[in-house]
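So you can see what is in the structure, the chains are spelled out below.
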Amino acid sequence: MARKTKEEAAETREHLLDTAERVFSAKGVSRTSLADIADAAGLTRGAIYWHFENKADLFNAMADRICLPLEQALEPDETGHFSEPLAQLREALIKTLADTDTDERQRRGLDVLMNKCEYTEDLQAVLERRREAMLNGTQRRCTLLRQAIERGQLPPDLDVGRADRLLIGALCGLLNNWLFMPDSFSLKDEAAPLIDALLETLQLGRALRQHPAA
C-alpha cells in the first residue's frame, strides 16, 4: 500500500509539472498563478504545496526535467574524465536538437524557458538557479573540450572559452529560431549536419585559436 501511495504521489507530481508547462506556455510564467495551475490540473492548491514550496520551486523542477538529460549526457566518469569527449559532445548536441523536434514535452518546456519566462521579482530564485546551471554547464563543457584537446581531437591552441561560447550560442540560436518557426525546417533532420559543421569549425577555424600575448 505504501508503494502505491508513493507511485501515486510521483504521478501527481508529474501531472502538475506537465500542467504547469502547458499553462506557462499559454499565459507566460509571470501571468500564471498557482491557482491557475491547480485549476487546470483539476487539483487543489494544497496538492501543489505538498510537492512544491512555491511557483519558483515548481518552475525549477520543470526546467530540471529539460536540462538534466543534457547534463547527464555530458557526465564524466568517477575519475572526472570523459571516455570519448568529442563524440559525447556531438551526441549530446544532436540529441538536444532532435528531441526538441520529436518530444512535445521538451519542445514546450524549452519554449517556456526561452520565450515565455519573464524574470520578475518573485522569480529571483529561478533566475539564480538558471545562472548557476549555466555556469555549471559552461565548466563541464570546457572540461570536455580540454580533454578533447588532450586526446588530439581538437587543435592544441584552441581557445576553449571562445569555442564554448560559439557552441552554446549556435545551439540556443538554432533552438530559438526553430521554436519561433517550427515548420520552416526539420530540426531532427538538420541536427547532425549542423552540429558536424559546428564541430568542424572548432577543428579548423583560425578565429578560435589562442593568440600569444604581445
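Counting restarts for each chain: residues are numbered from 1 in the order of the written sequence. Two thresholds apply to this predicted model, a pLDDT of at least 70 for residue-level local features and 80 or more for giving and counting side-chain atom pairs, whereas whole-chain, interface and lining totals are computed over all residues. Just so you know, side-chain values use all the structure's heavy atoms and leave hydrogens and water out.

**Student:** Could you give an account of the overall build of the chain, naming the residues involved and the relevant values?
**Tutor:** A count of helices and strands for the chain gives nine helices and zero strands. Per the convention used, a helix needs a DSSP run of H or I reaching at least four residues, while a strand needs a run of E reaching at least two, with both numbered from the N terminus. Scanning the chain from its N terminus toward the C terminus, one meets helices and strands in the order α-α-α-α-α-α-α-α-α. Structurally, the chain occupies a C-alpha span of about 60 × 40 × 35 Å along its principal axes. Throughout this description, buried means an accessible area under 20% of the type-specific maximum (1.4 Å probe, protein chains only), exposed means over 50%, and partly exposed covers the range between. A total of 214 residues make up the chain; the buried ones form 41% of that total. Across the chain, contacts joining residues at least 24 apart in sequence account for 72% of those joining residues at least 6 apart. Contacts are residue-level and defined by heavy atoms, with any inter-residue pair within 4.5 Å sufficient.

**Student:** Break down the side chain of arginine 65 for me, citing the residues and quoting the values.
**Tutor:** Locating arginine 65 in the fold gives a position in helix 4 (residues 55–73). Since its relative accessible area comes to 15%, arginine 65 is described here as buried. Here arginine 65 is in contact with Glu14, Leu17, Asp18, Glu21 and Arg105, once residues within four sequence places are set aside.

**Student:** Can you explain the side chain of arginine 141? Please cite residues and give values.
**Tutor:** With respect to the element layout, arginine 141 can be found in helix 7 (residues 124–150). For arginine 141, a relative accessible area of 14% corresponds to the buried category. In terms of polar contacts, arginine 141 uses its side chain to reach the side chain of aspartate 164, at 2.5 Å. Beyond its immediate chain neighbours, meaning those up to four positions away, arginine 141 contacts Leu74, Asp164 and Ile168. What qualifies as a polar contact is a pair of N or O atoms within 3.5 Å, subject to a donor-acceptor requirement within protein and to the restriction that residues adjacent in sequence count only when both atoms come from side chains.

**Student:** Hey, could you go over the environment of leucine 208 for me, with residue numbers and the actual values?
**Tutor:** Looking at the secondary structure, you find leucine 208 in the segment after helix 9 (187–204). Separated by 45 residues in the primary sequence, leucine 208 and alanine 163 have C-alpha atoms spaced 6.3 Å apart. Setting aside residues no more than four positions away along its own chain, leucine 208 makes contact with Asp157, Leu158, Asp159, Arg162, Ala163, Leu166, Thr201 and Leu202.

**Student:** So what's going on with the pattern of salt bridges? Which residues, and what values?
**Tutor:** Two side chains with opposite charge may pair up if their charged atoms get near one another. In the sections that follow, a salt bridge refers to a side-chain nitrogen of Lys or Arg positioned within 4 Å of a carboxyl oxygen of Asp or Glu. Enumeration over the complete set of coordinates arrives at 16 salt bridges. One salt bridge connects arginine 108 with glutamate 104, and the closest N-O pair in it is separated by 3.4 Å. Here the residue arginine 108 and the residue glutamate 104 both occupy positions in helix 6 (residues 104–115), the gap between them amounting to four residues, near one helical turn. In this structure arginine 108 comes out as buried when scored by relative accessible area, which is 15%. A salt bridge links arginine 209 to aspartate 157; the nearest nitrogen and oxygen atoms lie 3.3 Å apart. In this pair, arginine 209 is assigned in the segment after helix 9 and aspartate 157 in the loop between helix 7 and helix 8 (160–180), connecting sequence segments 52 residues apart. Of the residues examined, arginine 209 reaches a relative accessible area of 12% and is grouped as buried. Under the relative-accessibility criterion, aspartate 157 is labelled partly exposed at 33%.

**Student:** An account of the UniProt feature "DNA-binding region" (unreviewed entry) in the chain is needed here, citing residue identities and associated values.
**Tutor:** UniProt positions are given in the numbering used here, feature names are shortened, and annotations may be inferred rather than shown by experiment. Residues annotated in UniProt with the feature "DNA-binding region" (unreviewed entry) correspond here to residues 33–52. End-to-end, the C-alpha atoms of residues 33–52 are 13 Å apart, and along that stretch the chain is 75% helix and 0% strand.

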